[in-house]
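# Commentary on secondary and tertiary structure
What follows is the residue order along each chain.
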Amino acid sequence: MNARFTLLIAISLFISSVLNAQERTHATVSGRITDTKGIGIELVNIAISGQPGGTASEKSGLYSLEIASGKKTELLFSFIGFELKSETVFAKKGEKIILNVILKESSTDLPSVSIEDKQLRSTSLNRIDPKAAAVIPTLGGGIEALVKTMPGVSSNNELSSQYSVRGGNFDENLVYVNDFEVYRPFLIRAGQQEGLSFLNPDMVSSILFSAGGFDAVYGDKMSSVLDIQYKRPIKFGGSVNLSLLGGSFHLEGISKNEKLTYLLGVRQKSNQYVLSALETKGDYKPSFTDIQTNLNYQISKTLEVSFLGNLSLNSYVLQPTDRETDFGTINEAYRLKIYFEGQERDHFTNYMGAFSTTWKPSEDVKLKLMASGFQSIESENYDILGQYWIGQIDTDLGSDEFGGVLEAKGIGSYLNHARNQLEATVFNVEHRGSLLLAGDNYLQWGLKFQHEKIDDYINEWEMIDSSGYSVPRPPDSIGYTNPASQLPYPLMMNYRLQTNISMQSNRISGFIQKTWNFLTPQTDYIFSAGIRTQYWDFNKQWIVSPRATLSIKPDWENDFLFRFSAGAYHQPPFYRELRGLDGKLNENIKAQSSFQFLAGSDFNFTAWKRPFKFITEVYFKKLDNLIPYDIDNVRIRYYAENSASGYAAGIDFKVNGEFVKGADSWVSLSLLKTMEDIQDDFYWEYYNKEGATIIPGYTTDVVAIDSARIEPGMYPRPTDQRIMFNLFFQDYLPNNPTYKMHLNLVFGSGLPFGPPKSQKYLQTYRIPPYRRVDIGFSKQIKGENQSMSGFLKHFKSVWITAEVFNLLQFSNTVSYIWVTDVSGRKYAIPNYLTPRQINIKLAINF
């Protein structure tokens, strides 16, 4: 790994040095750059037209740059918020030219944006800059990588795009693209199978995210909403991105008559390079392909039609060979060695087509008719035999056998088999409308019909052979002499699930919401109130969800805004929640409920003469009719019964701004506690004559002489992550901003877990904290305002980036494999995530 790292860095530096190589100049141009008020401007980019590199102005606006002598040189001065300025100079050899420059502020029509931001600030939605998705150093990348850095959001798996929000699970998050809801795959068990998410960052123009307390216009989920809008191109352009993990390509443009706009995005990912570093060695052949298009056609000034299409082809093939994992403590360390036979073949194919028609009969009225269809065809097939042994490691530093295995503690085999197929089809028709009333008051409404069809065939089992005995161990028939009197003892599986389900259902949902603006000389008030409703014919349940938000903006010297939200968030089951651990559907299951109360504030302030925002939100969620579940990696297995109640409470903080001038960074901290109580989950404890609790496989004296009934009460939910800290930081070289650095730091406290098939009250162990640091170094080969000759003149910008994932080489645990010996003793062996790795990226925009 060290040799590969050194080679890649050397190649990157070599490319940069070649592209920056130029004839040594013998003239100097210098001066001061100011605004129209005469104030010096720091970090103005000064480039030589047709050449890479350049310099940047100092704090007072001073700059100095060497140029070629004996010819005309065009200098370009650019900075965010100011108009681009060009100056041409002619210098003799050794001449020192003084050139002072005045930059004018950009004049942009912003009234509509100001109104939108005012309304947005009054809600729980936060705007995220989609440009950061291209630079944040993470294995998965994409929009979800940005969402994971937001307050209230947690994710302990860099291989997956899934995330949990304020104590909810992956299925409790809403995702919209151009007002259409998108869905996640059903059969995915592990992050390495997941591939590409629906969201294509090359096509995104706007990201809005709410971690709770969102308005009634959004659907019936309990945790969060991610609202994505794709671009509306105004000219031809595109991009190409290549890396060791795959590549992407996109085109965008507009017709000559400016009526048709188009977006086309193609992505291909193969994380074979990443998976080859996991502890399970073998032949990994993952292939993930995604094609999307978005077309908009302006029929008239008041009528527009659009189409959003997606085709996703994902394949995951694995032929494992072996695995070696060390676990335990310093004083009691063990080593697991597994040799594999067999293979796994998974295929996930998704189709989506969505049409919408938007009619604006007047400036105040907007009517939208939408129709979409989604289909997922998934198959999961594997037969994998694992032969394992567990040995105790010699931890005596003075021993000649230090680090070796002293004795075998267990030996056995397991065989996993699956033939699973699922086909899900969702079709819906929806109408949405909005009306702008007097006084900037706003009315929104919607009505939706949805049809769902699910066909699910499951046949999976696991057999365990520990030290020559099948676990669980059936009675034997040794000693029988008469076959006629011999009782049949069939082979018992450790786990088996077989079912064949076909179901269809319909849903009708709607909402109405109004927003009032009350403006006084001392304080501005914005109040939104709405109500959602849904009926599902599968369980014959109507749900009603009232929601309201009040924002208060006092006329203080400091820019504060206070926000209060309350509402009901009911989540009717989808297919996953209906199917229990035994594979049967519960037709009487009801919607889960979350009654949320949220208070927050945001404070816009200036530090070091740069803008910042500090956001605080405190929340409490009362949870009823909960459906308990277990999480293994990214697979959620529901109990399919409304047997629990609970709560989630916490506080979130976020500070974002220009910690380095011109580069947005942010830091977030979340504190959370979420608990649940399952009905009738009492159990009995048994004690021997010494008063010790009898634990099978551990206690020597197993003769019970006393017992006690235990009521567990409240205990942590599977997503109870008490602390989550995220830092995304950007920096650059002060004298050469074409060199940039991007840092992503994550810390998350441990999540609860427990033995498989155990009661929920036993699942209170904690996975070790998740710790990860990813860093990227970028070099701009060509800038947007830089004229160059040769091949690079055809491109708007060119960047090359070197990334180091898991810089500090933390061994993060995503789940556990449990090994049981014949005495019933269980060993929890951690499944570790990815180690330190290197990635090289090339990003081209044209």
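Scope of this entry: the structure provided in the associated data block. (Residues numbered from 1 in each chain as written. Predicted model: local features only at pLDDT ≥ 70, side-chain atom pairs only at ≥ 80, totals over all residues. Heavy atoms only, no water.)

## Comments concerning the overall build of the protein
- Looking only at helices and strands, one finds six helices and 47 strands in the protein.
- For 846 residues, the compact-globule estimate of 2.2 N^0.38 gives 28 Å, and the C-alpha radius of gyration of the protein, at 30 Å, lies within 12% of that figure.
- By residue count, 50% of the 846 residues in the protein fall in the buried class.
- Taking as baseline every contact in the protein between residues at least 6 positions apart, the subset at least 24 positions apart corresponds to 66%.
- Carbon together with sulfur atoms contributes 57% to the accessible area of the protein, which is approximately 39400 Å² in total.
- Positive and negative charge centroids in the protein, built from 84 and 90 side chains respectively, lie 7 Å apart. (Helix = DSSP H or I, 4+ residues; strand = E, 2+ residues; numbered from the N terminus. Rg over C-alpha atoms; globule rule 2.2 N^0.38 Å. Buried < 20%, exposed > 50% of the residue type's maximum accessible area, 1.4 Å probe, protein only. Contact = heavy atoms within 4.5 Å. Areas by Shrake-Rupley, 256 points an atom, 1.4 Å probe, with all protein chains shown as cover. Lys, Arg positive; Asp, Glu negative; His and termini not counted. Charge placed at Lys NZ, Arg CZ, Asp CG, Glu CD.)

## Remarks on the side chain of Ser223
- Among the structural elements, Ser223 can be located in the loop between strand E14 (204-210) and strand E15 (224-230).
- A polar contact is formed between the side chain of Ser223 and the side chain of Glu172, at a distance of 2.9 Å.
- Discounting residues that sit within four places of it in the chain, Ser223 has contacts with Val165, Gly168, Glu172, Asn173, Ser210, Ala211, Gly212, Phe214 and Lys621. (Polar contact = N/O pair within 3.5 Å; in protein donor to acceptor, adjacent residues only side chain to side chain.)

## Here we look at the pairing of strand E2 (residues 45-48)
- In this structure, E2 lies alongside strand E3 (residues 55-56), joined through two bridges in antiparallel fashion. Counterpart to Ile46 in the pairing with E3 is Thr55. (Pairing = 2+ DSSP bridges.)

## A look at the sheet that holds strand E12 (residues 173-177)
- The mixed open sheet is built from five strands, whose spatial order is E9-E14-E15-E12-E13. Edge positions in the sheet fall to strand E9 (126-128) and strand E13 (180-181), since each has one partner strand and no second.
- Sheet analysis places E12 next to E15, joined by five bridges and oriented parallel. The partner of Val177 across the bridge, within E15, is Ile228.

## Let's talk about the environment of Ile390
- As for its placement among the helices and strands, Ile390 is situated in strand E22 (residues 365-393).
- Sequence separation between Ile390 and Ile377 is 13 residues; the distance between their C-alpha atoms is 39 Å.
- Not counting the four nearest positions on each side in its chain, Ile390 is found in contact with Phe327, Tyr334, Arg335, Leu336, Glu407, Ala408, Lys409, Gly410, Val819 and Tyr827.

## What to know about the packing of aromatic side chains
- A full pass over the atoms with the stated rule returns 30 aromatic pairs.
- When the centroid spacing of 6.4 Å and the interplanar angle of 75° are considered together, the rings of Tyr163 and Phe209 count as edge-to-face. Taken together, the positions of Tyr163 in the loop between strand E10 (153-154) and strand E11 (164-165) and Phe209 in strand E14 put the pair 46 residues apart, joining distant regions of the chain.
- Tyr163 gets classed as buried once you look at its relative accessible area, which sits at 4%.
- On the numbers, 6.4 Å between centres and 85° between planes, the contact of Phe214 with Tyr218 is edge-to-face.
- An aromatic cluster is built from Trp556, Phe560, Phe562, Phe603, Phe605, Trp608, Phe612 and Phe659, whose rings are joined through pairwise contacts.
- Across the ring face of Trp536, the terminal group of Arg507 is positioned such that the distance to the ring centre comes to 4.1 Å.
- One residue, Lys779, lies across the ring of Tyr739, its end atom 4.8 Å from the ring centre. (Phe/Tyr/Trp six-rings, centres within 6.5 Å; stacked < 30°, edge-to-face > 60°. Lys NZ or Arg CZ within 6 Å of the ring centre and 35° of its normal.)

## Concerning the sheet that holds E2
- With respect to topology, four strands assemble into an open sheet ordered E3-E2-E5-E6, the strand pairing being antiparallel. The open sheet is flanked by E3 and strand E6 (85-90), the only strands paired with a single partner.
- Here six bridges tie strand E5 (residues 72-78) to E6, and the two strands are oriented antiparallel to one another. Looking at the pairing, Glu74 lines up with Thr88 of E6.

## A word on the nonpolar core
- Within the largest apolar cluster, 56 residues are counted, with the highest numbers of intra-cluster contacts made by Phe209, Leu226, Ile228 and Tyr230.
- With four residues, helix H3 (residues 142-147) is the single largest residue contributor to this core.
- The next biggest cluster of nonpolar side chains, apart from the first, holds 24 residues, and it includes Ala27, Phe77, Val89 and Val101. (Core = buried A, V, L, I, M, F, W, Y, C linked by side-chain atoms within 4.5 Å.)

## Considering the side chain of Asn156
- Inspection of the secondary structure puts Asn156 in the loop between E10 and E11.
- For Asn156, the side chain forms a polar contact with the side chain of Gln721, separated by 2.9 Å.
- The residues contacting Asn156, other than those within four sequence positions of it, are Gln721, Ser749, Leu751, Tyr770, Val814 and Leu833.

## Details of the pattern of salt bridges
- Across all of its chains, the model carries 35 salt bridges by this definition.
- In this structure, Glu324 and Lys337 form a salt bridge, with 3.7 Å as the shortest nitrogen-oxygen distance. Of this pair, Glu324 sits in strand E20 (residues 303-328) while Lys337 sits in strand E21 (residues 333-362), and the two are 13 residues apart along the sequence.
- On the basis of relative accessible area, Glu324 is assigned to the partly exposed category, the value being 40%.
- With relative accessibility at 13%, the residue Lys337 sits in the buried group. (Salt bridge = Lys/Arg side-chain N within 4 Å of Asp/Glu carboxyl O.)

Scope: geometric values only; no functional claims are made or implied.
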